[in-house]
Amino acid sequence: MKVFTQAAVVSLALIAAAPVLAHHSFGAYNMNTTAAAAGTLKEFRWGAPHSSLVILAKDKAGKPVEMAIISGSPLMFSKQGFTPRDFKRGDKISVTYHPNTNGSPGGALASLAISGGRTFSDSEAQRIAPPAAN
Amino acid sequence: MSSTSSSHISRTGRRPVSVRLAMIGAALALTHSASAQSVPADAPAQAAPTAAAMPQGAPPQAAPSQAAPPAGAMPQGMPPSGGFPPGGPPPGGFPPGGPPPGGFPPGGPPSGLPPLPKPRPYVDPDSVPEKAVYADAAALELRLGEDPPLTDAQKVAAAIPVSPMAAMAEPPLLRSDARRASSDPRDFSGVWFHDLSLRGRILRDLHGKLIPFTMAGARVLERRSNADKAGKPFQNGAALCRPPGIIWQADVHMPFMIFQNKAAVEFVFQDYRGRLNLVLDSKLLPPGRSYMGTAMAHWDGDTLVADTSGFKQGLWLDIAGTPVSKDAHLINRIRKIDNGDHKPLLEIETTIVDPKYYTAPWTIVRTFRWQPNMPLFDEYNCELQIGDPNVPSDAGLVPEPADLP
Amino acid sequence: MRKSSHFCAALLVLAAGPAFAAPQAAPAPAPAPAVSGQTEAMLGVWQITTPVVDLRPADRTVPFTKKGEEAYRTNLRLKKKGAIDDYDVMTSRCANPGMPRMMITAKRFKIRELFNVLTFDFEWNRLIRQIDLRGLPLEKPLGTRFTGVSRGRWVGDTLEVETTDVPPEALIDQLLPHSWDMKVTERYRLLDADTLEDRITITDPEYYQHPWEARVTYKRQPFVVFAEDVCLDRLASKKGQ
């Protein structure tokens, strides 16, 4: 039974990971650059075709802006101990991310920290991004 | 590695092909060659990353055990049955230097494996007098075949870099008491999951022949590749939460269910909640165009033959964007292959009939595993993100210009 | 090497794991258990008898707690303001209506069965909802599921289905809120061969003082192949979801 369960978990990981790859490359993000933003969480969307979060932040001019930050599969969050209930609308949140190449607000998640000091690191993005100088 | 492969191809104008030397070729293909390829034959002729290319601690990728060719494979080494596209070989013939040596790039095959015979030079069968030959070992010698001279469109396609993506998702193993499939060869009902590796781009048909692009088809693919390279990948159905078409859906390594009765065989995909309804009773055919197309089907023995057309927009056959125009027909031949243990494979052969983008119909094949232990699907709620009116929901993707003339 | 290659290589590593899983057990004879007659009688195409947008108890009185009433009034206010996306992502985005709201969609749905799992296959936006009748322990989903996690069993002539883990973003109907801890209990029963009744009980002490029940019936429809329904296209053409 144990073997079966493990196999099932691994396979779930794959099912979850494959679509991330399948739906688009990371070509739309500047993976050589990492930016930072802080604000409040408007939404955390798990799942298809990838997870994403929407943050209410302010741009350089102090104007309110909604940023969509794309991330990987629910499995990544699960592995780092997060569940859907950990992300609540209005929570303070800070993120680092690889910006959209088209200049629109947002990009691909590199890491996040939520109130209470919990942090998450996007291991899928880490594998793409250069390790240094970020 | 892909750029190396591409420049090699464009320099010579030809590329060797392992066709379906599956047993030998699949293992060797994992080394470092744009020419050797593993199964499926239509998968990118691209090397899987070697152990050195992987993050540390990762297990090496095993040679795919799914390398056996699908039923109906051509004898190896035979000349291509389709001959040249209209117009024959390019007037210039082979480029200087003649055909490439084939086989392996510098470094050679992995140690411990026997060397492959050199490819048999391509000879136009019409250029030599016909003679009677026995089907003996000499005529059928196992060799790496060669492509006939590429058309100008195939040269364009061959120069497009190929992502080395190759992934194999393994569904959970079946318990010994898992539900067995019906012994009725016409009963496809069940849950099915891909049995072949996920590849980013379809390069060859099921016979190992390069895809017969028209120039318009090759240019569409080229433009999609260039957009991706420029950091501005194009939107497609999948990116916009629309059903992306059967081949994409079937290839993406998510399960699908089949429900059927005498009037229809209905596919329910987890991915995008896509549906493909193969209608056996014409009175039930839904009117109008749709993303997945509509399909009339009939039984040919125990094979279900379906003709899907009426697409609302062109399809991306794969992640790279191998195109199908909205006026294409996709002909599916679907059958259950059961070796007696009632854990069958479902074989779906698809012939793409699309004169706009291809000079001739071409065919790929996929197999899917019986997976009664995966009846619970993940929820595919992409509208939650793509439908959000407040933030750009395009994932940074840009609209694709209208089709090329 | 292009950056996407790294990503692909990483995926490959993930993919390589299961290749080393234990070999499959030898096949053993396993007669296919037939679907129960009760389940079989439920299969087919159904459509709600009277389309509704509100799910209400028979006396129309919803037993809100203070918090429940506040959340309901907030939604009502947002509706009047036209700020639909702030409370109802089904209407504004075509998101999955979730449980139990999906059971009052006006279009048809099919109830199908495979391996003792029911799949409700909806005409509206190609939704599916599944009910596990196998009685197996069920792992919690990794992410959110608007349809929740549903398990069912036959009790006499009634199929009892319990659904949990529905995120609050999915409303009970066009306005009624709920917490993460809502439990939806459905009792399906065939009143006759062509009429299916679903008595839906909402249990959510945070938002409702006591469990309350709404009743919906469906009429059997002839077999049909649904035309492909794409809500986002309807939304884009301003016809609404």
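Here the structure is a predicted model, which is why all the values come from computation and not from measurement.

**Things to note about the overall build of chain C**
What chain C contains, in helices and strands, is five helices and nine strands. Along its sequence from the N terminus, chain C presents helices and strands in the succession α-α-β-α-α-β-β-β-β-β-β-β-β-α. Going through the 241 residues of chain C one by one, you find that 39% of them count as buried. For chain C, long-range pairs separated by at least 24 residues make up 55% of all intrachain contacts whose partners lie at least 6 apart in sequence.

**Some words on the sheet that holds strand 10 (residues 303-309) of chain B**
Residues and elements named next belong to chain B. Strands sit in the order 4-6-7-8-9-10-13-14-15 around a closed barrel of nine strands; the barrel is mixed. Across the sheet, the mean angle from the axis of one strand to that of its neighbour is 30°, orientation sign disregarded. By the bridge criterion, seven bridges tie strand 9 (residues 294-300) to strand 10 in an arrangement that is antiparallel. Along strand 10, the bridge assignment pairs Ala297 with Ala306.

**Some remarks on helix 4 (residues 215-229) of chain B**
Residue and element names in this part refer to chain B. With 15 residues, helix 4 extends 21 Å from end C-alpha to end C-alpha; this agrees with the ideal 21 Å at 1.5 Å per step. Listed as buried for helix 4 are Gly217, Ala218, Val220, Leu221, Arg224, Ser225 and Asp228. Taken end-on, helix 4 shows its buried residues confined to a sector of 160°, consistent with a single buried face. Elements in contact with the buried residues of helix 4: helix 3 (152-158) and strand 12 (323-324). One or two steps after helix 4, the chain reaches Gly231, where phi turns positive at roughly 80°.

**Regarding the environment of Ile331(B)**
Within the secondary structure, Ile331(B) is located in strand 13 (residues 329-337). Between the C-alpha atoms of Ile331(B) and Ala169(B), which are 162 residues apart in sequence, the distance is 27 Å.

**Digging into the nonpolar core**
Counting 150 residues, the largest nonpolar core has Ile55(A) and Ile69(A) as the members making the most contacts within it. Tallying contributions element by element places strand 15 (residues 362-370) of chain B first for this core, with five residues. If sequence neighbours within four positions are ignored, Ile69(A) has contacts with Ser52(A), Leu53(A), Ile55(A), Val95(A), Tyr97(A), Gly106(A), Gly107(A) and Leu109(A).

**A few points about helix 3 (residues 66-81) of chain C**
All names here are of chain C. Taking 1.5 Å of rise per residue, 16 residues should cover 22 Å, and helix 3 covers 23 Å from first to last C-alpha, within 8% of that figure. Those residues of helix 3 not exposed but buried are Gly68, Ala71 and Asn75. Taken end-on, helix 3 shows its buried residues confined to a sector of 70°, consistent with a single buried face. Of the exposed residues in helix 3, those oriented more than 90 degrees away from the buried face are Lys66, Leu76, Arg77, Lys80 and Lys81. Looking one or two residues past helix 3, Gly82 carries a phi angle of roughly 85°, positive in sign.

**Things to note about the confidence of the model for chain C**
All names here are of chain C. With 85% of its residues at a pLDDT of 70 or more, chain C has an overall mean of 87. Here residues 1-31 scores under 50 on pLDDT; set against residues more than four positions off or in separate chains, the count is 77 contacts. In the model output, the complex is listed with pTM 0.77 alongside ipTM 0.85.

Rules used throughout
Residues numbered from 1 in each chain as written. Chains lettered and ligands numbered in written order. Predicted model: local features only at pLDDT ≥ 70, side-chain atom pairs only at ≥ 80, totals over all residues. Helix = DSSP H or I, 4+ residues; strand = E, 2+ residues; numbered from the N terminus. Buried ≥ 20, exposed ≤ 12 C-beta atoms within 10 Å, placed from the backbone. Contact = placed C-beta atoms within 7 Å. Pairing = 2+ DSSP bridges. Axes fitted to C-alpha atoms, helices over the stretch in contact; angles between N-to-C directions. Expected span 1.5 Å × (residues − 1). Arc of directions from axis to C-beta. Core = buried A, V, L, I, M, F, W, Y, C linked by C-beta atoms within 7 Å. pLDDT = per-residue confidence, 0-100.

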